[in-house]
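Structural description and commentary
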Amino acid sequence: MKTDIDIHNHSHFSFDLWLTLIKSHPEFKTKRVELFSSFFEVKKPINEVAKIVKYYDDLCNSINEVIGGNVDTFEIYLLILSALQVDIKQINKGELNEFYQKSEELFLEYKPVVIFENLHDFFDEIKNQGNNN
């Protein structure tokens, strides 16, 4: 994170949280792929599952940026499963909900990490300048 911002020339600061202040735990994505593969009983090698998950993760992030919205999480799961040659007609919404819950638990187990280690000091410096709008 760039920290040589002249905080004296600004009266308002706004930060996007994800990939600006925090990022995924280093092990989270690997664990999520393993969970995805085992939960949906994917018959492909784990490295292929990881490659497909990353492709759709990146694609859907790009789509979200273009449309200013969010591709539905369950739709993303189904796109990935279809790309992995899983018969998505055999998947029901209850299974999608169950996987979503398990992935949320995994997310909390492998919590995001702060990108900038001196973040609190930086925020304190901004606040001490009277710029806390």
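Described in the following lines is the structure provided in the data block. (Residues numbered from 1 in each chain as written. Predicted model: local features only at pLDDT ≥ 70, side-chain atom pairs only at ≥ 80, totals over all residues. Heavy atoms only, no water.)

**Some points on the packing of helix α1 (residues 28-39) against helix α2 (residues 46-67)**
Put simply, the rule is: Helix axes use the C-alpha atoms of the stretch in contact, all axes being lines fitted to C-alpha atoms, and the angles between their N-to-C directions lie in the range 0 to 180 degrees. Elements are defined by DSSP. Helices are runs of H or I of four residues or more, strands are runs of E of two residues or more, and each kind is numbered from the N terminus. Working rule for angles: under 35 degrees goes down as roughly parallel, over 145 as roughly antiparallel, 65 to 115 as roughly perpendicular, anything else as oblique. We call two residues in contact whenever any of their non-hydrogen atoms come within 4.5 Å of each other. Each residue gets one label: Ala, Val, Leu, Ile, Met, Phe, Trp, Tyr, Cys and Pro are nonpolar, Asp, Glu, Lys and Arg are charged, and the others, such as Gly, are polar.
Relative orientation of the contacting elements α1 and α2 amounts to 110 degrees, with a least axis distance of 10 Å. On the basis of the axis angle, α1 is roughly perpendicular to α2. Each of K29, R32, V33, E34, F36 and S37 in α1 lies in contact with α2, whose residues at this interface are I46, V49, A50, V53 and D57. Of the residues contributing to the contact of α1 with α2, the split by class is six nonpolar, one polar and four charged.

**A few points about unusual backbone geometry**
Within the chain, E41 stands out as a residue other than glycine whose phi angle is a positive 50 degrees. For E41, the location among the structural elements is in the loop between α1 and α2. One non-glycine residue, Q85, lies in the positive phi region at around 65 degrees. Inspection of the secondary structure assignment puts Q85 in the loop between α3 (73-83) and α4 (93-109).

**Quick look at the pattern of salt bridges**
Formally: A pairing counts as a salt bridge when a side-chain nitrogen of Lys or Arg comes within 4 Å of a carboxyl oxygen of Asp or Glu.
Going through the model one piece at a time under the given rule, you end up with two salt bridges. With a closest N to O distance of 3.9 Å, D57 and R32 form a salt bridge. One end of the pair, D57, is in helix α2; the other, R32, is in helix α1, with 25 residues separating them in the sequence.

**Details of the side chain of N64**
The criterion, for reference: We define a polar contact as two N or O atoms separated by no more than 3.5 Å, with the added condition that, inside protein, one atom must be a possible hydrogen donor and the other a possible acceptor, whereas residues neighbouring each other in sequence contribute only through side-chain atom pairs.
Among the secondary structure elements, N64 is positioned in helix α2. A distance of 2.7 Å separates the side chain of N64 from the backbone nitrogen of V71, its partner in a polar contact. Setting aside residues up to four positions removed in sequence, N64 forms contacts with G69, N70 and V71.

**Concerning the packing of α3 against α4**
As a packed pair, α3 and α4 sit with axes 11 Å apart at the nearest point and diverge in direction by 100 degrees. It follows from the interaxial angle that α3 and α4 lie roughly perpendicular. Residues T73, F74, Y77 and L78 of α3 form the contact with α4, whose participating residues are K93, L96, N97, F99, Y100 and S103. Looking at side-chain class alone, the contact of α3 with α4 contains six nonpolar, three polar and one charged residues.

Treat this as a map of the structure, not an account of what it does.
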